Amino acid sequence: MAGQSTAAVARTGDNLFLKAVAALSTLAGWISAAMILAAVALTCQMIFVRFVLNGSTVWQTEAVIYLAVGATLIGLPYVQRLRGHVNVDLIPLMLPRTVRRYAAIFTLSISIAIICVMFFYGYEYWHFAWERGWRSDTVWGPKLWVPYLALPLGFGLLLLQLVADLIAVILRIDAPFGLEEGGPS
Amino acid sequence: MDPLTLGGLVALGTILILFSGVSVAIGLLIVSALFLMIFDGMRSLELMPEIFFGKLDNFALLSIPMFIIMGASIASTRAGADLYEALERWLTRVPGGLVISNLGACALFSAMSGSSPATCAAIGKMGIPEMRKRGYSDEVAAGSIAAGGTLGILIPPSVTMIVYGIATETSIGRLFLAGVFPGLLLVGLFMAWSLYSTWRSGNTEVLTKTVYTWKQKLEILPRVLPFIAIIIGVLYAMYGGIATPSETAAVGALLCLLIAIVIYKLWSPVKLWEVLRDSTKESVMILFIIGAAGVFSYMLSSLFITQAIAEWIGTLDVNRWVLMFAVNVFLLVAGFFLPPVAVILMAAPILLPIITTAGFDPIWFAVVLTINMEIGLISPPVGLNLYVINGIAPDIKLKTILAGSLPFVACMVIAIVLLCFFPGIATWLPNAVMGV
């Protein structure tokens, strides 16, 4: 896909913190993939119940949606680690290497700032739902804190991965924007 | 501040932030947060995670990971090679059969896999060396594959169309149908150019054929039919009103995964994980942008920017085709730098009111926009297809690949012009199948 970074997976070197975050993000990726698979299976089950058994389905649609939203949020750190979140790397590619490094520090810092906001208010939103016992207004009526938990969890893990990426650039363990080649030096 | 000026500031801010190299989704969140904070107060930041979640809380979105899994499992197999071989064996008697079968294989495989780079890689790996061996020019060999790979975002089932449908709240079923004839039109134009340019170069003997026996023609079919049958089944279930796009896509995803495992022997957990990992990566990337674009469009409308733009366009005294031209130039430029889904999600909340106020059909516009996005996939600076071709045929210079792609860009522009004069190419089929 155009614009998708062709850079490799984020490097960790021998840094323990970076390795730990990488492991955590990978685990999150597995969970996310498993949730997507579960959504596929559940949707098929729902169709089977409706069309083959002629039954009615109560909770499946909602559960599948929450699985997909959860998979998205929990998958964020893993995709960040794989550098799968598309960006426009035209300018960074044209920058000389030293400037490129500062540009990477800048973009990672503003990314960390906004994900802090999303994490903080995501946590608050989840906490509200938990404290007040919000339920979805459907027949099934699940407790909403369960799906909302993905907000602080996903953004929190993404925050960790972004901090790890920033540290890797500052310590020169990883190339800025993951771009090894190019750029006038 | 006047909402229109504010809109200008948002546009400028978005361009600056995105070009800094920050990821698209995070960039949209940053711009939204900044403008909400300054013009609507700190309290509106509280709403961002809620809006983000709410945007993703939609059953229709599920079709995105489902179609991606479907495509990724097909792309992980030898299906591309089989498809190529099958078309080559069957179309061998047609003049220029080789380039025709390459383009046909690209169209089919890109529609099935939904991935433009995967198509270029799968078909190009065999197609390009074979075409060069038989005397086609490097330009035609590389350009036809690069352009053929872009067809998947237009021919159904297309994730790009689903994203457009979700962003603009138009029917995904109609959008899929609207892509069929324009897709065939493009395939036709691509084939016509390839044949003409080969004939013009005086290299006509390459247009003749090798001969295959009926046995060779028939034995290849069982290997390509299952996937095609699933795709047709999925589309049939959708239009037969049997199930929604998300539901049919889920069944399609399961079946394609099973076929990949059973027929193509994708046993190994490592290989299976690769399919899942790639699908997860792509889905999460797109869904993150969808959530962030939801926050972005909330910001635009709560600062009255969307409404102000629509009103402003309404009072503008310009010909609507001039407007359409301007919109297309804007999209073309955006498409040079960003992948189609990102362009659609960012531009939809701003462009849709403009399009509908000027009296254009959003379904027709989806097709024009998608062809426009295809151009971005084979144009510098980030036309990924060019680099994929460069990767699989390293001895063809990037300059040659680019030169080979340009005539195909011209074909796409011709298709857009034709669609402007004859909108029925896009709108007839959805209207005929699903009613006006």
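Residues numbered from 1 in each chain as written. Chains lettered and ligands numbered in written order. Predicted model: local features only at pLDDT ≥ 70, side-chain atom pairs only at ≥ 80, totals over all residues. Heavy atoms only, no water.

Here the focus is the overall build of chain B. For chain B, the helix and strand inventory stands at 21 helices and 0 strands. In terms of C-alpha radius of gyration, chain B reaches 22 Å, essentially the compact-globule figure of 22 Å for 436 residues. By its C-alpha atoms, chain B is 75 × 50 × 45 Å across when sized along the principal axes. Going through the 436 residues of chain B one by one, you find that 59% of them count as buried. (Helix = DSSP H or I, 4+ residues; strand = E, 2+ residues; numbered from the N terminus. Rg over C-alpha atoms; globule rule 2.2 N^0.38 Å. Buried < 20%, exposed > 50% of the residue type's maximum accessible area, 1.4 Å probe, protein only.)

In terms of regular secondary structure, chain A is built from 6 helices and 0 strands. Each helix (α) and strand (β) of chain A, taken in turn from the N terminus, gives the series α-α-α-α-α-α. Relative to the compact-globule value of 16 Å for 185 residues, chain A shows a C-alpha radius of gyration of 20 Å, a clear excess of over 25%. In terms of its C-alpha atoms, chain A occupies a principal-axis envelope of roughly 65 × 40 × 30 Å. Evaluated residue by residue, chain A yields a buried proportion of 56% over its 185 residues. Counted over contacts in chain A with a minimum sequence separation of 6, partners at least 24 positions apart contribute 78%. Only carbon and sulfur atoms are counted for the fraction: they give 68% of the accessible area of chain A, which is about 8,300 Å². (Contact = heavy atoms within 4.5 Å. Areas by Shrake-Rupley, 256 points an atom, 1.4 Å probe, with all protein chains shown as cover.)

Each pair of packed helices can be described by the angle between their axes along with the distance between the axes. At a minimum axis distance of 10 Å, the contact between helix α1 (residues 16–52) of chain A and helix α4 (residues 63–75) of chain B shows a crossing angle of 100 degrees. As the angle between them shows, α1(A) and α4(B) are arranged roughly perpendicular. Taken together, the residues of α4(B) that come into contact with α1(A) (itself represented by I36(A), A39(A), V40(A) and T43(A)) are P65(B), M66(B) and I69(B). Looking at the contact of α1(A) with α4(B) residue by residue, the classes come out as 6 nonpolar, 1 polar and no charged. (Axes fitted to C-alpha atoms, helices over the stretch in contact; angles between N-to-C directions. Parallel < 35°, antiparallel > 145°, perpendicular 65-115°, else oblique. Nonpolar A, V, L, I, M, F, W, Y, C, P; charged D, E, K, R; others polar.)

Take a nonpolar patch on the surface next. Residue and element names in this part refer to chain B. Taken together, the side chains of M1, L9, L12, L16, L34, M37, I38, F39 and M42 define a hydrophobic patch exposed on the protein surface, amounting to about 890 Å² of accessible area. Only α1 (3–19) and α2 (24–40) provide two or more residues apiece to the nonpolar patch. A total of 4 residues in the nonpolar patch trace back to one element, the largest contributor, which is α2. Checked against the element boundaries, M1 lands in the segment before α1. The exposure class assigned to M1 is exposed, which follows from its relative accessible area of 62%. (Patch = residues over 30% accessible without salt bridge, like charges linked within 9 Å, V, L, I, M, F, W, Y side chains within 5 Å. Salt bridge = Lys/Arg side-chain N within 4 Å of Asp/Glu carboxyl O.)

Contact with chain A, which involves 59 residues of that partner, is made by 57 residues of chain B. Together chain A and chain B conceal approximately 5,200 Å² of surface at their shared face, both sides included; 82% is due to carbon and sulfur atoms. Linking chain A with chain B are 1 salt bridge, by the criterion used here. When the shortest N-O distance is used, the salt bridge between E247(B) and R50(A) registers 2.7 Å. Here chain A and chain B share 3 residue pairs in polar contact (both at pLDDT 80 or more) between them. Ranked by residue count, the leading element in the side of chain A that touches chain B is α1(A), at 14 residues. In the side of chain A that touches chain B, the residues fall into 43 nonpolar, 15 polar and 1 charged. (Buried area = accessible area lost by both parts, 1.4 Å probe. Polar contact = N/O pair within 3.5 Å; in protein donor to acceptor, adjacent residues only side chain to side chain.)

Further remarks concern the side chain of T370(B). Residue and element names in this part refer to chain B. With respect to the helices, strands and loops of the structure, T370 is situated in helix α18 (residues 362–377). Residue classification places T370 among the buried positions, given a relative accessible area of 2%. With residues near it in sequence (within four places) discarded, T370 still touches I153, L154 and M161.

By the secondary structure assignment, R101(A) is in helix α4 (residues 97–131). Despite its burial, R101(A) pairs with no opposite charge; the closest candidate is D174(A), at 11 Å N-O. (Lys, Arg positive; Asp, Glu negative; His and termini not counted.)

Residue and element names in this part refer to chain A. The predicted model of chain A averages 88 in pLDDT, with 93% of residues at 70 or higher. Confidence, expressed as mean pLDDT per element, reaches its minimum in chain A at helix α3 (residues 90–94) with 85 and its maximum at helix α6 (residues 150–170) with 96. With pLDDT under 50 throughout, residues 1–6 is counted as low confidence; its partners more than four residues away or in other chains account for 26 contacts. (pLDDT = per-residue confidence, 0-100.)

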